[in-house]
Amino acid sequence: MGRDSSIIRIIGPENYQRLRSLKCLVVGAGGIGSELLKDCILMGFGEIHIVDLDTIDLSNLNRQFLFRQRDVKQAKATTAVKAVKHFSNSKLVPHQGNVMDTTRFPLHWFDQFDIFLNGLDNLAARRYVNKISQFLKKPLVESGTSGFDGHIQPIIPGETECFDCTKKETPKTFPVCTIRSTPSQPIHCIVWAKNFLFNQLFTSDHSAPTGENDDWGTNDKKEIERIKQETNELNSLQQIIRRQDKSHISDILIKLFNKDIKKLLQLDNLWKARAKPTPLHEKLIENATAKKHPSLNVSWPIEEQVCQFVTVTQRLMERIVDENHNIEFDKDDPDTLLFVATAANIRSHVFGIPIKTVFDIKQIAGNIIPAIATTNAIVAGLSTLTALRVLNLLPYAPVKAATDINMAFTARASNLSKDRYLSNPKLARPNCNCAVCVKVERGVINITPKGLSELTVGDLVNLLREKYQYPNEISLLDTSDQRLLVDYDFEDLLHRTLSQINLRDGSVLLFSDEEGDENSMYRKPLELYLNVTSGCERQIKLPDLQVPLLKSTEQEETKQEDSSKADANSENTAGVVILDDEEESTEDKATGKRLRSLSEDNSLHAKRAKLSYSAIEDEDVIEIE
Ligand SMILES: Nc1ncnc2c1ncn2[C@@H]1O[C@H](COP(=O)(O)OP(=O)(O)OP(=O)(O)O)[C@@H](O)[C@H]1O
Ligand SMILES: [Zn+2]
């Protein structure tokens, strides 16, 4: 019996023939991507492309089952394809590259596929593929795992929620003063020990530590002054380390946990509504003697923390070979981990915060959520099975409306049920507040190279205004480079040609109407992908779209109604996806424009009040922070 017989029995010979003619794109060849590739082959897609920008790391081997030790440092996508081609009946095409690289993967390249399957690990790339799927109106099955949690979300453009319809969790950064003056949780002390103290003592890179943000979190001048002074004083501690002066390790402890804390206590304002810290007792520092190998899984008493701090600092000192030698923090380097853990815990003790085990601190400092092969396998299996529904290839579960299709969450990820491992809520309609799939119309501008080098920004604005009948003042943004190109009070670029201002294949433009007074009408914003076509003539073709006129107040009302829905939705996905930066939606007070609601593209919902001139490429072009 051939391998195909099972799938033919499930989907029928006709659908199988259709499946054999379909092309799918797997994005990412990591934990989920490797599984997706295998599943798509076993299912019988006609052609499968797989993209990954990375090479194989030793730490990938425990779960990325297509790779072996000999493959370490090889490109993931090509190695994955090599590993599976002996059992593949599908045409396989690997691509080593960044899926967001518009030169290698322009919009028309994506257009060859019938469906996209994501196996990604970051928000930017996920959002990018989501947007491509919206531009091309092609389905995407989004997926993610985090430890035992996992989920899949099929996205049918125009019919169901897109990736950006729900708010995503963001990694935390903390105001500087929380980390440096007023910690209240173990994480604050760990960020201090790892990102501030360790860097100050063992590396020469003393730029602003990540984990703190630019926000001081205070306007108190004395407090800011103290933080700056404290940083300068740490230079003398670094000298102790660099001189390998072991007899002065106690000076480090006294400075960090006694003298600096006493200085902090002098800032009365800080302690009006907070418990005061207690400087570390000097006796503790003098009397400390370390046990040999205390367990990393239990919380040590403060005496032990101090002793271990001394011992590990000695070891790190010995590792400094010369003046310029840096030691990087690595959670798998026992010395650097122990230094950070003990420093964080001593600080916690001083501030009356619970002490953590070294093992706990390793998880937190290394941002580790263990990736679990089984969860990846389950999620990838669900993703490919769901692809059959999305493509309407399952005869016994025909899809009448896209909202009949299900997403899937593991129990912990969904909070929907404690008794079932998987929950399968039906897909929701797009969130009317979504900046990506609802609040803009979308289209592709086809333009020849000559068009690009001869048409001016002013020509483009006029063409757009005429074709879609924008009645008011407009603004034009280049969202791929995050710059403002035209605005009612910024017209300097109107006479420049499109190529002069570096618009190119893959640039994405946002054309929007000024919001007038209450009750006035405005056109829905328009997001346009620049697709550079071949041809020698000067030619531009705008997409045929009906761009609706909307009423300012109506829009606001719907927004309010929908925000509660968006919040409710976001609860469903909390904790599922491993995500990185996302800005909060920002009020656009300067111009009162609708930009604030276009909250998607990192800084697109830009703080217009904070426009700054870009010095990099073109002085006339304003970059949005
Ligand atoms: N923009 C992108 N273009 C192409 N591939 C990407 C892009 N962003 C991420 N990827 C790939 O997506 C994959 C995600 O896989 P996974 O979550 O297993 O991460 P990993 O890097 O393999 O493992 P870990 O992060 O746990 O060490 C990675 O192989 C990564 O290289
Ligand atoms: Zn959406």
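Keep in mind the model is a prediction, meaning the values are calculated, not measured.

1. Thoughts on the overall build of the chain
Logical step 1: Helix and strand content of the chain: 19 helices and 18 strands.
Logical step 2: Counting over 625 residues, the chain shows a buried share of 41%.
Logical step 3: Pairs at least 24 residues apart make up 69% of the contacts formed inside the chain by residues separated by at least 6 positions.

2. What about the site of ligand 1?
Logical step 1: What surrounds ligand 1 is a group of 22 residues, the closest being Gly-28, Gly-30, Gly-31, Asp-54 and Asp-121.
Logical step 2: The set of elements that each furnish at least two residues to the shell around ligand 1 consists of α3 (31–43) and β2 (47–52).
Logical step 3: Taken together, the residues of the shell around ligand 1 break down into 8 nonpolar, 9 polar and 5 charged.

3. Structural notes on the UniProt feature "binding site: Zn(2+)" (unreviewed entry) in the chain
Logical step 1: Within this numbering scheme, the UniProt entry marks Cys-162, Cys-165, Cys-434 and Cys-437 as carrying the feature "binding site: Zn(2+)" (unreviewed entry). Considering the C-alpha atoms alone, the annotated residues occupy 276 residues of sequence yet fold into one spot, their largest mutual distance being 8.3 Å.
Logical step 2: Following the sequence through the fold, Cys-162 ends up in the loop between β6 (149–155) and α7 (176–180).
Logical step 3: Since 27 C-beta atoms lie within 10 Å of it, Cys-162 is described here as buried.
Logical step 4: Each residue touching Cys-162, except ones within four places of it in the same chain, is listed here: Asn-130, Gln-134, Ile-155, Pro-157, Pro-430, Cys-434, Val-436 and Cys-437.
Logical step 5: Overall, Cys-165 belongs to the buried group, with 26 C-beta atoms counted inside 10 Å.

4. Side note on the pairing of strand β9 (residues 441–447)
Logical step 1: For β9 and strand β14 (residues 526–532), the ladder comprises 7 bridges, and the chain directions are parallel. The residue of β14 that forms the bridge with Ile-445 is Leu-530.
Logical step 2: As paired elements, β9 and strand β15 (residues 540–541) share 2 bridges and run antiparallel to each other. Paired with Asn-446 across the two strands is Lys-541, which belongs to β15.

5. A few points about the nonpolar core
Logical step 1: Counting 92 residues, the largest nonpolar core has Cys-24, Val-26, Leu-37, Cys-40, Ile-48, Ile-50 and Leu-117 as the members making the most contacts within it.
Logical step 2: Ranked by residue count, the leading element in this core is helix α15 (residues 373–390), at 7 residues.
Logical step 3: Counting contributing residues, this core receives three or more from each of domain 1 (4–147 + 371–399) and domain 3 (441–564 + 588–623).
Logical step 4: Not counting chain neighbours up to four residues away, the residues in contact with Cys-40 comprise Cys-24, Val-26, Phe-45, Ile-48 and Thr-384.
Logical step 5: Grouped together as the second largest cluster of nonpolar side chains are 42 residues, Val-191, Phe-196, Leu-280 and Ala-365 included.

6. Things to note about the UniProt feature "active site" (unreviewed entry) in the chain
Logical step 1: In this numbering, the UniProt entry assigns the feature "active site" (unreviewed entry) to Cys-177.
Logical step 2: With respect to the secondary-structure elements, Cys-177 resides in helix α7.

7. A word on the packing of helix α12 (residues 302–319) against helix α13 (residues 334–350)
Each pair of packed helices gets described by two things: the angle between the helix axes and the distance between those axes.
Logical step 1: One can describe the packing of α12 onto α13 by two numbers: an axis separation of 9 Å at closest approach and a directional angle of 145°. Crossing of α12 over α13 shows left-handed handedness. Residues Ile-302, Gln-305, Val-306, Gln-308, Phe-309, Val-312, Thr-313, Arg-315 and Leu-316 of α12 form the contact with α13, whose own contacting residues are Asp-335, Leu-338, Phe-339, Thr-342, Ala-343, Asn-345, Ile-346 and His-349.

8. Thoughts on the domain arrangement of the chain
Logical step 1: Here the chain is described as being made up of domain 1 (4–147 + 371–399), domain 2 (176–365) and domain 3 (441–564 + 588–623).
Logical step 2: Here the C-alpha centroids of domain 1 and domain 2 sit 45 Å apart.

9. Comments concerning unusual backbone geometry
Logical step 1: At Lys-137, a residue that is not glycine, the phi angle is positive and equals roughly 55°.
Logical step 2: Inspection of the secondary structure assignment puts Lys-137 in the loop between α6 (123–136) and β5 (140–146).
Logical step 3: The phi dihedral of Gln-482 is positive, around 55°, even though this residue is not glycine.
Logical step 4: Checked against the element boundaries, Gln-482 lands in the loop between β10 (474–478) and β11 (483–486).

10. Quick notes on the sheet that holds strand β7 (residues 408–410)
Sheet strands associate in pairs through backbone hydrogen bonding, adopting either a parallel or an antiparallel arrangement.
Logical step 1: Overall, mixed pairing links the 8 strands, which are arranged β3-β2-β1-β4-β5-β6-β7-β8 in an open sheet. Among the strands making up the open sheet, the edge pair consists of β3 (91–96) and β8 (422–423).

11. Structural notes on the environment of Leu-545
Logical step 1: Relative to the helices and strands, Leu-545 resides in the loop between β15 and β16 (549–551).
Logical step 2: C-alpha of Leu-545 to C-alpha of Gly-451: the two residues are 94 residues apart in sequence and 21 Å apart in space.
Logical step 3: For Leu-545, the residues in contact, after removing those within four places along its chain, are Glu-441 and Gly-443.

12. Looking at the pairing of β6
Logical step 1: In terms of residue burial, β6 counts as a mostly covered element, since 7 of its 7 residues are buried.
Logical step 2: Burial along β6 is two-sided: Asp-149, His-151, Gln-153 and Ile-155 and Gly-150, Ile-152 and Pro-154, pointing in opposite directions, are all buried.
Logical step 3: As paired strands, β5 and β6 are joined by 7 bridges and run antiparallel to one another. Within β6, the residue paired with Val-141 across the bridge is Pro-154.
Logical step 4: For β6 and β7, the ladder comprises 2 bridges, and the chain directions are antiparallel. Across the sheet, Ile-152 pairs through a bridge with Ala-408, a residue of β7.

13. Some remarks on the packing of helix α8 (residues 186–202) against helix α9 (residues 221–242)
Logical step 1: It is at 8 Å that the axes of α8 and α9 come closest, and there the two elements cross at 55°. With respect to each other, α8 and α9 are oriented oblique. Contact with α8, carried on its side by Gln-200, Leu-201 and Phe-202, involves Leu-234, Leu-237, Gln-238 and Ile-241 of α9 and no other residues of that element.
Logical step 2: Its residues assigned to classes, the contact of α8 with α9 comprises 5 nonpolar, 2 polar and no charged.

Cut-offs used in this document
Residues numbered from 1 in each chain as written. Chains lettered and ligands numbered in written order. Predicted model: local features only at pLDDT ≥ 70, side-chain atom pairs only at ≥ 80, totals over all residues. Helix = DSSP H or I, 4+ residues; strand = E, 2+ residues; numbered from the N terminus. Buried ≥ 20, exposed ≤ 12 C-beta atoms within 10 Å, placed from the backbone. Contact = placed C-beta atoms within 7 Å. Near = placed C-beta within 6 Å. Nonpolar A, V, L, I, M, F, W, Y, C, P; charged D, E, K, R; others polar. UniProt positions renumbered as here; feature names shortened; annotations may be inferred. Pairing = 2+ DSSP bridges. Core = buried A, V, L, I, M, F, W, Y, C linked by C-beta atoms within 7 Å. Domains from an automatic or database assignment. Axes fitted to C-alpha atoms, helices over the stretch in contact; angles between N-to-C directions. Left-handed = near helix turned anticlockwise from the far one by under 90°. Parallel < 35°, antiparallel > 145°, perpendicular 65-115°, else oblique.

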